[in-house]
Amino acid sequence: MPREIITLQIGQCGNQIGGEFWKQLCLEHGIEPTGQLRDDPTLTASGLPSHISTENNHSRMNDNTPKPIVDDRKDVFFYQSDDEHYMPRALLMDLEPRVVSKLMSGKYSQFFNPENSFIASDGGGAGNNWASGYRQGEQHHEQVLDMIDREADNSDSLEGFVLCHSIAGGTGSGMGSYLLESLNDYFPKKLVQTYSVFPNWDQSQSDVVVQPYNSILSLKRLTLNADAVVVLDNTALNRIAVDRLRLQNPTVDQLNSLVATIMAASTTTLRYPGYMNNDLIGLLASLIPTPRCHFLMTGYTPLVIPDAVNQASIRKTTVLDVMRRLTQPKNIMVSANTRPGSGCYISILNIIQGNDIDPTQIHKALQRIRERQLINFIPWGPASIQVALARSSPYVESRNKVSGFTLANHTSMAQLFERLLKQYDRIRKRNAFLENYRQEPMFQDNFDEFDDSRETVQSLVDEYKACERADYVDFGI
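Residues numbered from 1 in each chain as written. Predicted model: local features only at pLDDT ≥ 70, side-chain atom pairs only at ≥ 80, totals over all residues. Heavy atoms only, no water.

Remarks on the overall build of the protein chain
A tally of regular secondary structure across the protein chain gives 16 helices and 12 strands. Burial statistics for the protein chain: of 477 residues in total, 58% are counted as buried. Counting only contacts in the protein chain whose residues sit at least 6 apart along the sequence, the fraction spanning at least 24 positions is 82%. As displayed, the protein chain has an accessible area near 21,000 Å², and 46% of this comes from carbon and sulfur atoms. (Helix = DSSP H or I, 4+ residues; strand = E, 2+ residues; numbered from the N terminus. Buried < 20%, exposed > 50% of the residue type's maximum accessible area, 1.4 Å probe, protein only. Contact = heavy atoms within 4.5 Å. Areas by Shrake-Rupley, 256 points an atom, 1.4 Å probe, with all protein chains shown as cover.)

Here it is in structure tokens:
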């Protein structure tokens with residue numbers, strides 16, 4: 001029985017990365033932008049067979065041999081409409097119409113369910129104000145929860161929710177925070193995982209002056225109300241695009257394409273199941289030994305951006321090479337130092353993707369990594385890398401034989417939160433830019449919510465640091 005997952009896309013950023021995510025899933029499952037299934041799983045996204053030339057393409061298509069059956073689980077993320085078209089289990093929400101309207105009227109206009117989009121009637125947005133987004137989330141609570149209820153009832157065995165948003169703006173952070181609290185109240189036994197885009201910490205590149213306020217208020221909810229948070233750090237994504245892919249000025253679309261690759265890779269074992277990690281709880285349980293330390297960093301190799309000109313690429317891949325690259329700090333998509341001597345890994349899951357991988361190669365790679373002491377683990381838990389093998393999609397022609405994705409829980413995540421606390425303290429001690437927050441109901445009387453959120457984030461930093469000590473099991477007792 002499929003364990004269905006409902007995707008909630010909130011705000012401009014959430015809908016942009018969500019749109020790219022669905023494009024990637026459609027490619028990997030052979031689903032056309034209209035929602036129809038492509039007939040032949042040997043066809044690539046371009047419509048040509050991946051292993052034969054254009055000349056004999058015509059005769060191949062006219063062959064009456066039975067079509068191969070693709071062993072995938074589309075039901076986790078898609079369902080079929082009455083006319084057999086595939087539709088995503090996705091809700092598109094925003095307080096201003098631009099991005100959602102673009103998705104609903106673009107190439108994939110027939111793909112999304114029009115009933116599953118919500119745009120606030122006044123269409124004014126949240127003006128990069130967390131408190132405004134939160135208030136409007138509360139105002140439209142009934143309409144949004146009704147949509148979520150309908151999708152949940154449409155599932156046979158709902159496992160949980162995936163929420164895509166950014167934490168620095170207004171809608172993704174404010175309305176996203178309200179939804180996280182609501183999901184905990186209405187669906188207490190369902191998993192809630194988020195893909196949270198963290199802002200660019202470089203002041204010269206930031207276009208939202210109040211992002212430390214919005215981020216700290218969102219981070220409190222991500223700490224208390226989410227079961228797992230996959231951190232997508234804009235600073236690190238920019239660095240990887242420039243340094244690793246040699247893209248001088250990466251565009252928003254190119255960065256979103258990177259994010260979509262990460263999101264699709266993290267769900268590979270759910271959609272092309274093997275013996276292990278084939279449901280969300282199995283995937284997350286071993287990564288998160290204690291409830292509060294649930295912020296995960298990602299890495300992917302070899303990275304390729306479609307249609308990008310002059311990007312650097314890796315020509316030869318082996319299991320050892322891929323697993324070694326996944327442990328390198330320069331491939332980790334969070335701007336934190338994961339080198340030995342700077343914090344330690346709480347847990348690591350590597351998903352190795354390819355169709356002809358010999359398990360003995362994985363054992364050799366693990367042995368080599370252990371011998372060379374490339375990574376440090378916590379002193380109070382098992383010190384091992386978990387590895388899951390995943391099949392490649394038959395619909396997508398890959399340039400490389402082997403690709404790898406890592407989900408890791410590392411104590412250096414505290415560095416990211418400390419950077420945020422420093423920026424927050426800098427503007428909070430001057431009480432700068434607080435006027436717009438004061439106009440919202442939550443902050444009319446006082447700013448206690450800010451202090452409470454700061455305390456929650458500080459305790460999270462303390463817990464991550466305590467994880468590095470052997471006596472962590474007694475922490476907080």
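Overview of a negative patch on the surface
A cluster of acidic side chains, namely Glu142, Asp146, Asp149 and Asp153, defines a negative patch on the protein surface. By relative accessible area, Asp153 is classed as exposed at 65%. (Patch = residues over 30% accessible without salt bridge, like charges linked within 9 Å, V, L, I, M, F, W, Y side chains within 5 Å. Salt bridge = Lys/Arg side-chain N within 4 Å of Asp/Glu carboxyl O. Lys, Arg positive; Asp, Glu negative; His and termini not counted. Charge placed at Lys NZ, Arg CZ, Asp CG, Glu CD.)

A look at helix α1 (residues 11-29)
With 19 residues, α1 should reach 27 Å at 1.5 Å per residue; the first-to-last C-alpha distance of 27 Å fits that figure. Within α1, 14 of the 19 residues are buried, leaving the element largely enclosed by the surrounding structure. Trailing α1 by a residue or two, Gly30 shows a phi angle of about 65°, which is positive. (Expected span 1.5 Å × (residues − 1).)

Concerning helix α6 (residues 171-186)
In this model, α6 (16 residues) spans 21 Å end to end at C-alpha, consistent with the 22 Å of a helix rising 1.5 Å per residue. Along α6, 12 of the 16 residues are buried, which leaves the element largely enclosed by surrounding structure. Of all the positions in α6, only Thr171, Gly172, Ser173, Gly174, Met175, Gly176, Ser177, Tyr178, Leu179, Leu180, Ser182 and Leu183 are classed as buried.

With respect to the pattern of salt bridges
Here the structure, examined in full by the defined rule, presents 17 salt bridges. Glu96 is the partner of Arg98 in a salt bridge, and the nearest nitrogen-oxygen pair spans 3.4 Å. You can call Arg98 exposed: its relative accessible area is 52%. Between Asp451 and Arg428 there is a salt bridge, with the nearest N and O atoms lying 3.7 Å from each other. Of this pair, Asp451 sits in helix α16 (residues 448-466) while Arg428 is found in helix α14 (residues 413-428), placing the two residues 23 residues apart along the sequence. One network of salt bridges, with partners in common, ties together Glu181, Lys220, Arg221, Glu449 and Asp452.

Remarks on the nonpolar core
Phe295, Phe417, Tyr437 and Phe450 are the most contacted members of the largest nonpolar core, which totals 86 residues. Beyond its immediate sequence surroundings of up to four residues, Phe417 is in contact with Phe198, Leu219, Phe295, Val457, Leu460, Val461 and Tyr464. Within the second largest apolar cluster, 57 residues are counted, among which are Tyr108, Phe111, Ile288 and Leu407. (Core = buried A, V, L, I, M, F, W, Y, C linked by side-chain atoms within 4.5 Å.)

Regarding unusual backbone geometry
Following Thr301, the chain continues to Pro302 via a peptide bond in cis, the omega torsion being -10°. Positionally, Pro302 belongs in the loop between β9 (295-301) and α12 (319-326). One non-glycine residue, Asn128, lies in the positive phi region at around 55°. With respect to the secondary-structure elements, Asn128 resides in the loop between β5 (117-119) and α4 (130-139).

Side note on the packing of aromatic side chains
One pass over the structure, following the stated rule, counts 27 aromatic pairs. Geometrically, the ring pair formed by Tyr345 and Phe377 is tilted, given 6.3 Å between the ring centres and 45° between the ring planes. Taken together, the residues span a long stretch of sequence, with Tyr345 in strand β10 (residues 345-353) and Phe377 in the loop between α13 (359-371) and β11 (385-390) at a distance of 32 residues. The exposure class of Tyr345 is buried, given its relative accessible area of 3%. Between Phe447 and Phe450, the aromatic rings sit 5.9 Å apart at their centres with planes inclined by 40°, giving tilted as the arrangement. For Phe447, a relative accessible area of 13% gives the class buried. (Phe/Tyr/Trp six-rings, centres within 6.5 Å; stacked < 30°, edge-to-face > 60°.)

Notes on the side chain of Thr338
Note on placement: Thr338 falls in the loop between α12 and β10. The residues touching Thr338, leaving out its near neighbours within four places in the chain, are Met297, Pro329, Ile332, Tyr345, His410 and Ser412.

Looking at the sheet that holds strand β6 (residues 158-166)
The 10 strands lie next to each other as β5-β4-β1-β6-β7-β8-β9-β12-β10-β11, forming an open sheet whose pairing is mixed. Of all the strands in the sheet, the pair left with one neighbour each is β5 and β11. Taking the axes of each pair of neighbouring strands and ignoring which way they run, one obtains an average angle of 20° across the sheet. In terms of strand pairing, strand β7 (residues 191-198) meets strand β8 (residues 228-233) through 6 bridges, oriented parallel. Paired with Tyr195 across the two strands is Val230, which belongs to β8. α6 contacts β1 (4-10), β4 (90-94), β5, β6 and β7 of the sheet and is inclined by roughly 145° relative to β1. (Pairing = 2+ DSSP bridges. Axes fitted to C-alpha atoms, helices over the stretch in contact; angles between N-to-C directions.)

A word on the state of the cysteines
Per the stated rule, a full pass over the model turns up 0 disulfides. Here Cys164 is not disulfide-linked; the sulfur of Cys13 is the nearest cysteine sulfur, at 8.8 Å. Its relative accessible area of 0% is what places Cys164 among the buried residues. (Disulfide = S-S within 2.5 Å.)

Concerning the pairing of β11
Strand direction decides the pairing type here: β10 and β11, joined by 6 bridges, are parallel. Bridging across to β11, Asn350 finds its partner in Val387. Running through α13, the crossover from β10 to the neighbouring parallel element β11 is right-handed. (Right-handed = clockwise from strand over helix to strand, strands pointing away.)

Topic: the confidence of the model for the protein chain
Residues of the protein chain with pLDDT of at least 70 account for 90%, and the chain-wide mean is 87. Here residues 43-67 is modelled with pLDDT under 50, and outside its nearest four sequence neighbours on either side it reaches 27 contacts, counting other chains as well. (pLDDT = per-residue confidence, 0-100.)

Things to note about the packing of α6 against helix α7 (residues 211-225)
The contact between α6 and α7 brings their axes to 9 Å, and the two run at 15°. As summarised for this structure, α6 and α7 are arranged roughly parallel, according to the angle between their axes. Our pair here, α6 against α7, has a crossing hand that is left-handed. On the side of α6, the interface is formed by Ser173, Ser177, Leu180, Glu181 and Asn184, while α7 contributes Asn214, Leu217, Ser218, Arg221, Leu222, Leu224 and Asn225. Of the residues belonging to the contact of α6 with α7, the class tally is 4 nonpolar, 6 polar and 2 charged. (Parallel < 35°, antiparallel > 145°, perpendicular 65-115°, else oblique. Left-handed = near helix turned anticlockwise from the far one by under 90°. Nonpolar A, V, L, I, M, F, W, Y, C, P; charged D, E, K, R; others polar.)

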